[in-house]
Amino acid sequence: MISNRLFKTIIVVSICVLLIYYAQGLIMPILFSALCAILVHPLVKRFERIGLNLVLSSLFVVMLLGGAFALTISWFSYEGYEILTSLPTNGVEEMTENPLTSIEKQTTLEVKNYSSEIYSMLDSSKQKLMGLIPSTIKGVNKTLVFLLSCPVYIFFMLICRSSIRKFYYTSFKPQRRAIANRILNQIELVYAKYVRGLFLVALIVGTLSALGLYLLGIRYAFVLGALSGILTLVPYLGVIISALIPVVIALLTKDSFWYAGGVIGVYALIQFIEGNIITPKIMGDQVGINPLMVILGIVIFGTIGGILGMLMTIPFLALIKIISFYIPNWKPLRSLISVS
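Remember, it's a predicted structure, so these values are computed and weren't measured experimentally.

Caption draft 1: Highlighting the overall build of the protein. The helix and strand tally for the protein stands at 14 helices and zero strands. Secondary structure elements of the protein occur, N-terminal to C-terminal, as α-α-α-α-α-α-α-α-α-α-α-α-α-α. Here the protein displays about 21000 Å² of accessible surface, and carbon together with sulfur accounts for 71% of that area.

Written out as structure tokens, the structure reads:
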């Protein structure tokens, strides 16, 4: 027989999963903003210590975050424009008008023998790309809403932190509020380690990507490596986008199709190392989570919450791990999540 407490827990978890799945656009920005607010809270306290009040400190921190994000986007936009204007266009025209001749020039393969298959593949690819346009527009709209709403959420979460903390503490019995304070402090510490781990993963992947592209002789290796490091934060989809750009550049600037194959090989190798060694090891060490649970969590939370769900997998697992130390019935779960 299922105990009453376990039954209630299953019901609550099921409701939360359904809410996140069917209301991602509303709930995920709030959860992401809450995570950001926890991470920047120490910085707000520093500004308060030098004389700024809570509202000005919170506003200044949110503006710093927005400014850093805007500068990053501006730099990549400028570099992207420079790359686009410096690329040759004759290769694009030839590839569009006569793809078989273009491929034969860059390889030793007799592709004319497979002309029907190649044209069929190209037509299929065009149709798929056209089919992606509506979903792309929808995704852009969601991104704009996300970018506009998150700073507002973060700001008000910061200035209302005393009310939020009061609500949090009063949710516990008086004799357990000391434990509640320890839980909150541990959450802030673990999340700070998590962010350091993210930066380290992005730095390693960006460096490896830039080095691999440089050794292949691909132009703009530094910029493309930096882009690869940032896009690593977006599981699965990020590596596809970061690899597609240097593949196109290789096709347009090199006289052999094998350079593009080399780029694909480099990114496939880096993705294998990142997904199976770098991220599980570094992120697991930073927050003390079993690498296997990290991989499974990314798959599960990505299915429930999309890309943001993937990004928030480790913070959520870390939260469960911290809470499990104070709930005796969660000890088996703690043993499963923690690094042995």
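Let's pick the thread back up.
Caption draft 2: Molecular detail of the pattern of salt bridges. Scanning the model with the defined rule gives one salt bridge in all. Two residues, R161 and E48, come together in a salt bridge whose shortest N-O distance is 2.5 Å. With R161 in helix α7 (residues 161-170) and E48 in helix α2 (residues 24-49), the pair connects residues that are 113 residues apart, well separated along the chain. Classification of R161 as buried rests on a relative accessible area of 19%.

Caption draft 3: Molecular detail of the packing of helix α12 (residues 291-311) against helix α13 (residues 313-324). Taken N-terminus to C-terminus, the directions of α12 and α13 make an angle of 120 degrees; their axes are 8 Å apart at the nearest point. As judged from the angle between their axes, α12 and α13 are oblique. Seen from α12, the contacting residues are M293, V294, G297, I298, F301, G309, M310 and L311; seen from α13, they are T313, I314, P315, F316 and L317. Partitioning the contact of α12 with α13 into residue classes produces ten nonpolar, three polar and no charged.

Caption draft 4: Looking closely at the side chain of S209. Here S209 is to be found in helix α8 (residues 177-216). Here the side chain of S209 touches V205 through a polar contact of 2.8 Å, landing on its backbone oxygen. In this view, S209 contacts G225, S228, Y267 and I270; residues no more than four positions away in its chain are not counted.

Caption draft 5: Molecular detail of the nonpolar core. I183, Y191 and I289 are the most contacted members of the largest nonpolar core, which has 19 residues in total. When residues of this core are traced back to their parent elements, those giving at least two are α8, α12 and α13. F76, L87, L213 and L252 belong to the second-largest nonpolar core, a separate cluster that totals 18 residues.

Caption draft 6: Spotlight on the environment of L319. Looking at the element boundaries, L319 is found in helix α13. Owing to a relative accessible area of 26%, L319 belongs among the partly exposed residues under this scheme. Each C-alpha atom of the pair L319 and V190 lies 8.7 Å from the other, and the pair is 129 residues apart in sequence. Contacts of L319, omitting those with residues within four sequence positions, involve I187 and Y191.

Caption draft 7: Just helix α3 (residues 54-86), in detail. Here α3 is 33 residues long and its end C-alpha atoms lie 48 Å apart, about the 48 Å a rise of 1.5 Å per residue gives. Among the residues making up α3, those that are buried are S57, S58, V61, V62, F76, E79 and I83. Near the N-terminus of α3, the side chain that reaches the backbone nitrogen of V55, with its oxygen 3.2 Å away, is that of N53.

Caption draft 8: Up close: the environment of L84. Following the sequence through the fold, L84 ends up in helix α3. The exposed category is assigned to L84, whose relative accessible area is 64%. For the pair formed by L84 and I249, sequence separation is 165 residues and the distance between their alpha carbons is 9.4 Å.

Caption draft 9: How the structure looks around the packing of aromatic side chains. Tallied over the full model, the rule gives five aromatic pairs. In textbook terms, an aromatic cluster arises when at least three aromatic residues are bridged by ring pairs, as seen for W75, F76 and F222.

Caption draft 10: How the structure looks around α13. When the terminal C-alpha atoms of α13 are compared, their 17 Å separation across twelve residues agrees well with the 16 Å that a helix rising 1.5 Å per residue should span. Along α13, the residues that are buried comprise T313, I314, P315, L317, A318, I320, K321, I322 and S324.

So, how was this worked out
Residues numbered from 1 in each chain as written. Predicted model: local features only at pLDDT ≥ 70, side-chain atom pairs only at ≥ 80, totals over all residues. Heavy atoms only, no water. Helix = DSSP H or I, 4+ residues; strand = E, 2+ residues; numbered from the N terminus. Areas by Shrake-Rupley, 256 points an atom, 1.4 Å probe, with all protein chains shown as cover. Salt bridge = Lys/Arg side-chain N within 4 Å of Asp/Glu carboxyl O. Buried < 20%, exposed > 50% of the residue type's maximum accessible area, 1.4 Å probe, protein only. Axes fitted to C-alpha atoms, helices over the stretch in contact; angles between N-to-C directions. Parallel < 35°, antiparallel > 145°, perpendicular 65-115°, else oblique. Contact = heavy atoms within 4.5 Å. Nonpolar A, V, L, I, M, F, W, Y, C, P; charged D, E, K, R; others polar. Polar contact = N/O pair within 3.5 Å; in protein donor to acceptor, adjacent residues only side chain to side chain. Core = buried A, V, L, I, M, F, W, Y, C linked by side-chain atoms within 4.5 Å. Expected span 1.5 Å × (residues − 1). Phe/Tyr/Trp six-rings, centres within 6.5 Å; stacked < 30°, edge-to-face > 60°.

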